[in-house]
Amino acid sequence: MGNGMVKRHGVLVITLVIGMLWTSSPAVAQQAPAPLPTGQKGCLPPPAATEPGVPWAQQRMAVDRVWSLTKGAGVTVGVVDTGVDGRTPQLSGGRVKPGLDVTTPERKPADDDCFGHGTFVAGIIGAAVLEGTGFAGVAPEATILPIRCAITTPDGSPPVLTAAEMAEGIRAAVDGGARVINISASTDTPDQGLADAVRYAAQRDVVVVASAANSAQQGDPITYPASYPTVIAVGAIDMTGKKADFSQTGKFLSLVAPGVGITSIGPGGGGHWVGSGTSYAAPFVAGVAALVRAYRPQLSAEQVKHRLEATADHPAAELPDTRLGWGTVNAMAAVTTLLPEEAGSGGPVVAGEPAPVPVSARPDGPGEVIAVAATISVPILALLGLLVFRLCLGGRRRRWKRARVVEPRER
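Quick notes on the rules
- Residues numbered from 1 in each chain as written.
- Predicted model: local features only at pLDDT ≥ 70, side-chain atom pairs only at ≥ 80, totals over all residues.
- Heavy atoms only, no water.
- Axes fitted to C-alpha atoms, helices over the stretch in contact; angles between N-to-C directions.
- Helix = DSSP H or I, 4+ residues; strand = E, 2+ residues; numbered from the N terminus.
- Parallel < 35°, antiparallel > 145°, perpendicular 65-115°, else oblique.
- Left-handed = near helix turned anticlockwise from the far one by under 90°.
- Contact = heavy atoms within 4.5 Å.
- Nonpolar A, V, L, I, M, F, W, Y, C, P; charged D, E, K, R; others polar.
- Pairing = 2+ DSSP bridges.
- Disulfide = S-S within 2.5 Å.

The description of two packed helices rests on the angle between their axes and on the distance between the axes. Where helix 7 (residues 278-295) meets helix 8 (residues 301-310), the axes come as close as 10 Å, and the angle between the chain directions of the two elements is 120°. By the angle between their directions, the pair helix 7 and helix 8 is classed as oblique. The interaxial crossing formed by helix 7 with helix 8 has right-handed handedness. On helix 8, the residues that touch Val285, Val288, Ala289, Val292 and Arg293 of helix 7 are Ala301, Val304, Arg307 and Leu308. Within the contact of helix 7 with helix 8, the residues separate by chemical class into seven nonpolar, no polar and two charged.

In C-alpha cells:
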C-alpha cells in the first residue's frame, strides 16, 4: 500500500509514535539510554530500570507546587491509545478503569497494554507518587479511562490507527465519563467522522488534547484531530525550551510542553522508559487540564482551553506563534490565575502555598548551652574590657606613676 493509499484511508501508522518509545531505552541511573530496535514485534518487555531522580520535564513543569490545591481527584482522563496497564505500580490501586477496546466486536476491557504507548502516555498524565523514584504524573489522583482503538497487525508489528478508530475512541471516552481526552496520534487526511467525533466531545463539554505530530521535517502537513478548532493541539520542546526539530508547526498549534527525553512508565513492571515525541508532550497538557477541571469545575471545556492558552509562558512573538502556539503550558498559572473574563464564573480564590522557608538543623551536643553562655558573657566581657581600657588610659596619663594617695596625719 503506497503513501497515497494510506492518506486516502486516513490511516495513521502509529509505528511513528510508538517507535519514539521503542527507540528509547530503560532509564538506567547514571547511564545514557541505549536504543531498542525500532522494528520490534510483539509485546514490549517490562522496563528494566527505575529512574531514582526527578526527570527534567517534571522539574520544568513543577506541578508539585500545585498539589496543595489539587491533584486532579474526581476527574477522569480518557486515553485513546493502545490500552493502559492498570497493574503497573504507579497506576495500580483502582486508578485505571476497565475501559473499552473498540477494535473488537466483544468490546473487551482495555486495562492491559501489549505495546506500551498508552501506558507511557497515561503515566505522564497520572502516575502516582511512589517511593524510590522522582517521577510522577501531572495529576497523580486523576482517574484513567483506557480506550484501545489501535488495530493490531497479523505479524505482531506495532499497530495502526485509522481516523475511523480514532473517532470511535473519542466517542467511547466521552460516553465513558471522561472530562478530558488525550489523543497522542494523528492523520494528515481530514475525515468527517473524526470531525464529528470531536464535535460530539465539545457538545458534551469534554476537553480534547491531541499531539500535533512529528512530521515537521517531512513537509509539516496539517494534522487531525489536532487542527480542529476546539482541540488543544500540543507541540514539543526540548530541555532548553526550544521547539523540538520534529515537532509540527502551524497556525492551529495551541501549546507546547516537554517532549524530548521524557520519562514515564511501561507495562508489566515498575520501571521506566525514556522517549521523545509530541505524543509525550500532549499528556502533560492533558494532565494540567485535569488539574484545572478538578480545581475549577464550573469552567466549560472552552474556558479550560482558553485558560491554558492565556496562562502559558508566552514566547516573544506574535501570538499564537506557528512554532510554539501560545507558549509552554504553566500548571501553577493555569490553576491559580484569576482571569478578568471569568469574573462571573464563581471560581475559588485561593493562591498556591508559598515555598517553605528553609529551617537550619540544630547541631547535636551541648550547642544550645554554649550559645546561651555566649549570649550572657558577651556584654560582661565588654564591660570588663571598657574598665581595663579606662585604667590603662589613666595609667598612661600618669606616666605609669603611682596614683596620689591621701593619708591622714596624726596630730
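So, on to the sheet that holds strand 4 (residues 143-148). Judged by pairing direction, the sheet is parallel, and its seven strands sit side by side in the order 3-4-2-6-7-8-9 without closing on themselves. Bordering the open sheet on either side are strand 3 (100-101) and strand 9 (255-258), each of which pairs with just one other strand. Strand direction decides the pairing type here: strand 2 (residues 76-81) and strand 4, joined by six bridges, are parallel. Counted as the bridge partner of Thr76 is Thr143 from strand 4.

Another aspect to go through is the state of the cysteines. Taken as a whole and assessed by the stated rule, the structure comprises one disulfide. At a sulfur-sulfur separation of 2.1 Å, the disulfide partner of Cys43 is Cys114. Residues Cys43 and Cys114 are joined through a disulfide that is left-handed, its torsion about the S-S bond being -110°. Of this pair, Cys43 sits in the loop between helix 2 (15-22) and helix 3 (56-61) while Cys114 is found in the loop between strand 3 and helix 4 (117-126), placing the two residues 71 residues apart along the sequence.

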